[in-house]
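Chain by chain, the residues:
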Amino acid sequence: AIDLKQRKLVGAEAFARARHPELGILTPDAFLPGAGESALIDLTRRVLGRALHDWSSFATIGVPIEPSINVPLVALTKLSVFGILWEQKPDAPQWPGLTLEISEDEAIENLTLVKKAVAELRSYRISMAIDNFGPRYAEFCRWPDFPFTAIKIDRSFVKEVTRNSGSASIISAVVSIAADRNMITTAEGVETDQHRATVHMLGCTNMQGSLFSRPVPAQDVRDLLAAAGFPQPSRETD
């Protein structure tokens, strides 16, 4: 994620990919539908562990960015996030914590459970963001309080923001909701300078998308940052 005002890297989201012998690299849209409870929990455990490992190598090159990962509700309720953190959390004073992202639909339909989880996670420096936000934003307007620290605006609205006044109005409304509750807003799927300029003008805090970089392996991100002026970590940190 890029801070739109300061134009600096402030976070990185971990994405899961699968390698198929014939079809190549697959995104979650291809391999997650129909996945059972145990598979979702195991995948979340793996991604969380890898994100914690990768953080240390980013910190080595002077970029202690906050990692974030998507979690399905079942993993949030049944996975021992605390145990994983206890075993694998970086032992560094600059550790910024971790953000877990839950989809808008699951958040709306399980608000009481999410609020309880957020209260328990806070003392472990874990915050919660609501992902793919927008299609049901009107339902959130009726909430007296939000258990989230960040809103990630769905890419479908960002994609149309420069040519659809309705999308721009929704993003503006979401930014207003977030500002009233002291929350960060991240525009997802920013692909062009027009997208960037428009979501910035509408008041979004951060952006992420292919304008900065498409999803790439952690080592490629470190190489990209090194090319931008950050020193390259030793291979021992991999």
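Scroll up for the structure.
Below: a short report on this structure. None of the values given here were measured: they were computed from a predicted structure.

Definitions and limits used
- Residues numbered from 1 in each chain as written.
- Predicted model: local features only at pLDDT ≥ 70, side-chain atom pairs only at ≥ 80, totals over all residues.
- Heavy atoms only, no water.
- Core = buried A, V, L, I, M, F, W, Y, C linked by side-chain atoms within 4.5 Å.
- Buried < 20%, exposed > 50% of the residue type's maximum accessible area, 1.4 Å probe, protein only.
- Contact = heavy atoms within 4.5 Å.
- Helix = DSSP H or I, 4+ residues; strand = E, 2+ residues; numbered from the N terminus.
- Polar contact = N/O pair within 3.5 Å; in protein donor to acceptor, adjacent residues only side chain to side chain.
- Salt bridge = Lys/Arg side-chain N within 4 Å of Asp/Glu carboxyl O.
- Pairing = 2+ DSSP bridges.
- Right-handed = clockwise from strand over helix to strand, strands pointing away.
- Axes fitted to C-alpha atoms, helices over the stretch in contact; angles between N-to-C directions.

### What about the nonpolar core?
- Among the nonpolar cores identified, the biggest contains 58 residues, and L100, F148, I151 and I171 are the most heavily contacted of them.
- Every residue in contact with I151, bar those within four places of it in the chain, is listed here: I130, F133, F146, V174, A178, M183, I184, T185 and T186.

### A few points about the environment of D105
- By the secondary structure assignment, D105 is in helix α5 (residues 104-109).
- Sequence spacing of D105 and D131 is 26 residues, and the spatial spacing of their C-alpha atoms is 9.1 Å.
- Here the side chain of D105 touches R136 through a polar contact of 3.0 Å, side chain to side chain.

### Re the pattern of salt bridges
- Inspection of the entire model under this criterion finds nine salt bridges.
- The partner of D42 in a salt bridge is R45, with the nearest N and O atoms 3.4 Å apart. Residue D42 and its partner R45 are located together in helix α2 (residues 37-60), separated by three residues, close to a single helical turn.
- The salt bridge partner of K152 is E101, with a shortest N-O separation of 2.8 Å. Pair noted here: K152 is in strand β9 (residues 150-153) and E101 is in strand β7 (residues 98-103), with a separation of 51 residues, a long-range link.
- Classification of K152 by relative accessible area gives buried; the value is 5%.
- Three or more residues are tied together by salt bridges with common partners; here these are D105, E109, R136 and E139.

### Structural notes on the environment of V47
- Relative to the assigned elements, V47 resides in helix α2.
- Spatially, the C-alpha atom of V47 lies 7.0 Å from that of A16, the residues being 31 residues apart in sequence.
- Dropping the residues within four chain positions of it, V47 is found in contact with A14, A16 and I69.

### Describing the pairing of strand β10 (residues 184-187)
- As paired elements, β9 and β10 share four bridges and run parallel to each other. What sits directly across from I151, in β10, is T185.
- With helix α10 (residues 193-201) bridging β10 and the parallel strand β11 (residues 206-207), this β-α-β connection has right-handed handedness.

### A closer look at the pairing of strand β6 (residues 66-70)
- The sheet contact formed by strand β3 (residues 11-14) and β6 spans four bridges and is parallel. Directly across from A12, in β6, lies its bridge partner P67.

### Topic: the sheet that holds strand β2 (residues 8-9)
- Taken together, nine strands build an open sheet; the order of strands is β2-β1-β11-β10-β9-β8-β7-β6-β3 and the sheet is mixed. Since the sheet does not close on itself, it has two edges, and those belong to β2 and β3, each with one partner.
- Strand direction decides the pairing type here: strand β1 (residues 2-3) and β11, joined by two bridges, are antiparallel. In the sheet register, I2 faces β11, and the bridge partner there is M207.
- Here α2 sits on the sheet in contact with β3, β6 and β7, set at roughly 170° to β6.

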